[in-house]
Amino acid sequence: MNILCIGGGPAGLYFGLLMKQQDPAHRVVVVERNRPFDTFGWGVVLSDQTLDNLHRADPPSGRLIGDALNHWDDIEVFFRGRSVRSGGHGFCGIGRKHLLNILQERCLQVGVELVFEREVRDDQALATEFGADLVIASDGLNSRIRTRYADVFQPDIDTRMCRFVWLGTHKTFDAFTFAFEQTEHGWFQAHAYKFDDQTSTFIVETPQSVWEAHGLQDMEPAEAIGFCERLFARYLDGHALINNATHLRGSANWIRFPRVMCKTWVHHVDLPHGRVPVVLMGDAAHTAHFSIGSGTKLALEDAIDLADTFAQAGASPAMDAVLQQYEDRRSVEVLKIQNAARNSTEWFENVSRYVDMPIEQFAYSLLTRSQRISHENLRLRDARWLGDFEAWMARHLPRPDGTDSPAVDAPAVVPALPPMLLPLQLRGARLKNRIVVSPMATYSAVDGVVQDFHLVHLGARALGGAALVMVEMTSPTPEGRITPGCTGLWNDAQEAGLRRIVDFVHGQSTALIGLQLGHSGPKGSTQVGWEQADEPLPADGPVANWPLLAASSVAYGPQNQVPAAMTRADMDRIRDAFVASTRRAAAAGFDWLELHCAHGYLLASFISPLTNRRTDDYGGAGRAGLENRCRFPLEVFRAMRAAWPEDKPLGVRISAHDWVAGGTDADDAVQIARLFKQAGCDIIDVSSGQTSRDAKPVYGRMYQTPFADRIRNEAGIRTMAVGAITQADQVNSIIAAGRADLCAIARPHLADPAWTLHETAALQSAQVQWPRPYWSGRDQLYREVGKQQQQAGGAAVAAADAAAKAQGF
């Protein structure tokens, strides 16, 4: 083949090298607009995995790159005059210029033609000139080729919130350093790391608003660099900051990071010599924020993947099939990195969200910001540091505002525990750990009355180690049920049935039990979950459809009936029904109560502008109308709080994002949480979506946790994270980083009622050294005494309790 690589960065050079090495008969040309030794970056960071890939793909250049790398193990975080240092992170850095020179020299050795100082304004003309059979568009972040064929590649470019400048310094840092400095206008952060024996990269970053408030947009480079030197003087030890983008004037070297992703990576153009594919590679196809250091890694691995795919295809590759395999495989790998990079980017864009944290938790939050590095991964990296952090967590139990909240009966000496097993005190309720069995509809009630199934279902999970077991959404009225099989609490029989379950949980476990109250609104009168979920009851079925209520006459879907818009009289009646059910819940002995204001149900239909079209005091468009839209849900909440015992927690579940354009988003969620906090809410259970059938959620592990994080740390209220949390390791990371105070686990508890016990035992079996009695009271009895309970009865219970108490539990 004749292969033309437009752009002489890591992607273009490395792909050219690999293809020429693969078949010397290929003619490979790399065209670059700059001179051979020009580069405007500083150091780049590679992982050990990427280095292994380079050694495999081309051993000679892999050895040269490996020999040139500077390795370091530690990360050090400087914040508010203190620092935290942890090890085992395993980075390596190399100067961008040195990397490019190694690849250039290796390309020349194998016969790749390098053309420098040639500006490519017409890729088709160049491809025709060289008779290209394949064009690699490796022309970087601001790719002209991607722009020319934008209607095919369909790039999505998200320009992020922070300004950053890429500088260097001769201060050599012995750890990857994150330094945070506060000014009168906000926070700046530096990302610094050594890449050769004499030089370090030094990136300065700050939100756009802070950058503008300091007037950096009006400064010439020398003045702006002087500002940064003064701001970070304590870390530079008298060394200057260096700018190698001297061709730029004014503030042009301060940029906002553009996150690039493309729908397709391959386009075909018809040229005089035939149909030629144009293939995106490296930054032309995708970008990942520098805070996870994966841009060069992705570019090199793109090149390796496509070259490997050609090699596997043999002597006569089917070009289209090869390129499709490359796009299919790499787009998935890139998406994984970009999801992690998005989380990391947002953390640095919102440093002010976390500055109330003590440095111990602040540093942990930073280290786990991408959600790719977990609690146990940190233990593998630096077990001593993590053990010290766990001990600190156990002593302090930090609140959302960064202050301590030690349990009222905490012993003087607290052993280190995994964060998921730390207690939580909320009003008069003491949760023994941070695991909640999420409320899950089971469609098994009869006339709203719980059955033996519910006793076994909820009772088994109460015995399984969780701190709090939540009963599924329970309606205060018959017409407020989602399906005929849903639970209710409007009569004595329903109250008695629930009391039976509460008594079992209290008598046979150390778990608490809570109830979620909610009215289905426009999503009611539907079939049970294993039939046609969310669809109306069949006309010929045993139960007739009942009339629906909502904020406005907006049906949930084309098959669902149109609800009646609530009148003021309807509001009074429904509010009073919620209050009556609240009193019944208290009489039944529940420890915890939650009001359901999510998922498109009645109260959620008021909050979302997608479903609230009212023009009175209970409606209003956009963010300006949010308080009005929350007016009725807040009225119901306040009435319930007045009826619910003062010493018992009352929470709210919200949809933090509708996942539909024009719906509520994370900004709204913070304000909604603040409104409920002012009304006396103790905790926000943070879900999302299900407001509209048009919702397009961005799924992934722990995908709703960032909403819980933001609400907790901006609104200053405790949160419960829920959604795709499946492992104890994830729970430990969420709790330790202050992203939430509790984790609600749903599907894993359906599969395993003793999920909490089994997950904790699995962590212990991985040789994590915690004290044995990390289950207290009766739960410890089930683990350590077993059959003795039946034989010895109360005496065994008392003995186990005494043993646990003697050991500080």
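How each quantity is defined
Residues numbered from 1 in each chain as written. Predicted model: local features only at pLDDT ≥ 70, side-chain atom pairs only at ≥ 80, totals over all residues. Heavy atoms only, no water. Helix = DSSP H or I, 4+ residues; strand = E, 2+ residues; numbered from the N terminus. Rg over C-alpha atoms; globule rule 2.2 N^0.38 Å. Buried < 20%, exposed > 50% of the residue type's maximum accessible area, 1.4 Å probe, protein only. Contact = heavy atoms within 4.5 Å. Areas by Shrake-Rupley, 256 points an atom, 1.4 Å probe, with all protein chains shown as cover. Lys, Arg positive; Asp, Glu negative; His and termini not counted. Charge placed at Lys NZ, Arg CZ, Asp CG, Glu CD. Pairing = 2+ DSSP bridges. Axes fitted to C-alpha atoms, helices over the stretch in contact; angles between N-to-C directions. Salt bridge = Lys/Arg side-chain N within 4 Å of Asp/Glu carboxyl O. Parallel < 35°, antiparallel > 145°, perpendicular 65-115°, else oblique. Left-handed = near helix turned anticlockwise from the far one by under 90°. Polar contact = N/O pair within 3.5 Å; in protein donor to acceptor, adjacent residues only side chain to side chain.

### Some points on the overall build of the chain
No. 1: Helix and strand content of the chain: 28 helices and 29 strands.
No. 2: For a compact globule of 809 residues, the expected C-alpha radius of gyration is about 28 Å, and the chain comes in at 30 Å, within 12% of that figure.
No. 3: Overall size of the chain, expressed as C-alpha extent along the three principal axes, is 85 × 65 × 55 Å.
No. 4: Counting every position in the chain, which comprises 809 residues, the buried fraction comes to 60%.
No. 5: Sequence-distant contacts in the chain: of pairs separated by 6 or more residues, those separated by 24 or more amount to 72%.
No. 6: Element-wise, carbon and sulfur atoms account for 50% of the exposed surface of the chain, whose accessible area totals about 31,100 Å².
No. 7: Side-chain charges in the chain split into 79 positive and 93 negative, and the spacing between the mean points of these groups amounts to 3 Å.

### A closer look at the sheet that holds strand S7 (residues 91-95)
To summarise the sheet geometry, strands pair through backbone hydrogen bonds and adopt either a parallel or an antiparallel arrangement.
No. 1: The antiparallel open sheet is built from 3 strands, whose spatial order is S3-S7-S4. Of all the strands in the sheet, just strand S3 (43-46) and strand S4 (70-72) have a single pairing partner and so form its edges. Neighbour-to-neighbour, the strand axes of this sheet turn through a mean angle of 30°, independent of strand direction.
No. 2: As defined by bridge partners, S4 adjoins S7 across 3 bridges and the pair is classed as antiparallel. For Asn70, the partnering residue across the bridge sits in S7 and is Gly93.

### Some words on the pattern of salt bridges
No. 1: Considering all chains together, one arrives at 51 salt bridges under this definition.
No. 2: Note that Glu479 and Arg573 form a salt bridge whose closest N and O atoms lie 3.2 Å from each other. Of this pair, Glu479 sits in the loop between strand S21 (468-474) and helix H17 (492-508) while Arg573 sits in helix H18 (residues 568-588), and the two are 94 residues apart along the sequence.
No. 3: Residue Glu495 is joined to Arg584 by a salt bridge in which the shortest nitrogen-to-oxygen separation is 2.8 Å. With Glu495 in helix H17 and Arg584 in helix H18, this pair connects stretches of sequence that are 89 residues apart.

### So, the packing of helix H21 (residues 666-678) against helix H22 (residues 705-715)
No. 1: At a minimum axis separation of 9 Å, H21 and H22 run at an interaxial angle of 50°. It follows that H21 is oblique to H22 by the angle criterion. Note on packing geometry: the crossing formed by H21 with H22 is right-handed. Touching Ala666, Asp667, Ala669, Val670, Ala673, Arg674 and Lys677 of H21 are Phe707, Arg710, Ile711, Glu714 and Ala715, all from H22.

### Thoughts on helix H25 (residues 755-765)
No. 1: Those residues of H25 not exposed but buried are Trp755, Thr756, Leu757, Thr760 and Leu763.
No. 2: The inward-facing, buried residues of H25 abut helix H14 (375-381), strand S20 (435-437), helix H23 (728-736), strand S29 (742-745) and helix H24 (747-751).

### Considering the environment of Ala190
No. 1: Within the fold, Ala190 resides in strand S12 (residues 187-194).
No. 2: By relative accessible area, Ala190 is classed as buried at 2%.
No. 3: Contacts of Ala190, omitting those with residues within four sequence positions, involve Thr177, Phe178, Ala179, Phe202, Ile203 and Phe232.

### Here we look at the sheet that holds strand S1 (residues 2-6)
No. 1: A sheet is described by the order of its strands in space; here 6 strands give the open sequence S8-S2-S1-S9-S17-S16, paired in mixed fashion. The sheet is open, and its two borders are formed by strand S8 (113-115) and strand S16 (266-271), each paired with just one other strand. In this sheet, neighbouring strand axes are inclined to one another by 20° on average, regardless of whether the strands run parallel or antiparallel.
No. 2: Sheet analysis places S16 next to strand S17 (residues 274-280), joined by 6 bridges and oriented antiparallel. Counted as the bridge partner of Asp270 is Arg275 from S17.

### Describing the side chain of His749
No. 1: By secondary structure assignment, the location of His749 is in helix H24.
No. 2: For His749, a relative accessible area of 1% translates into the label buried.
No. 3: For His749, the side chain forms a polar contact with the main-chain oxygen of Ile745, separated by 2.9 Å.
No. 4: Leaving out residues up to four positions away in the same chain, His749 has contacts with Ile435, Val436, Val437, Arg461, Ala466, Trp755 and Thr756.

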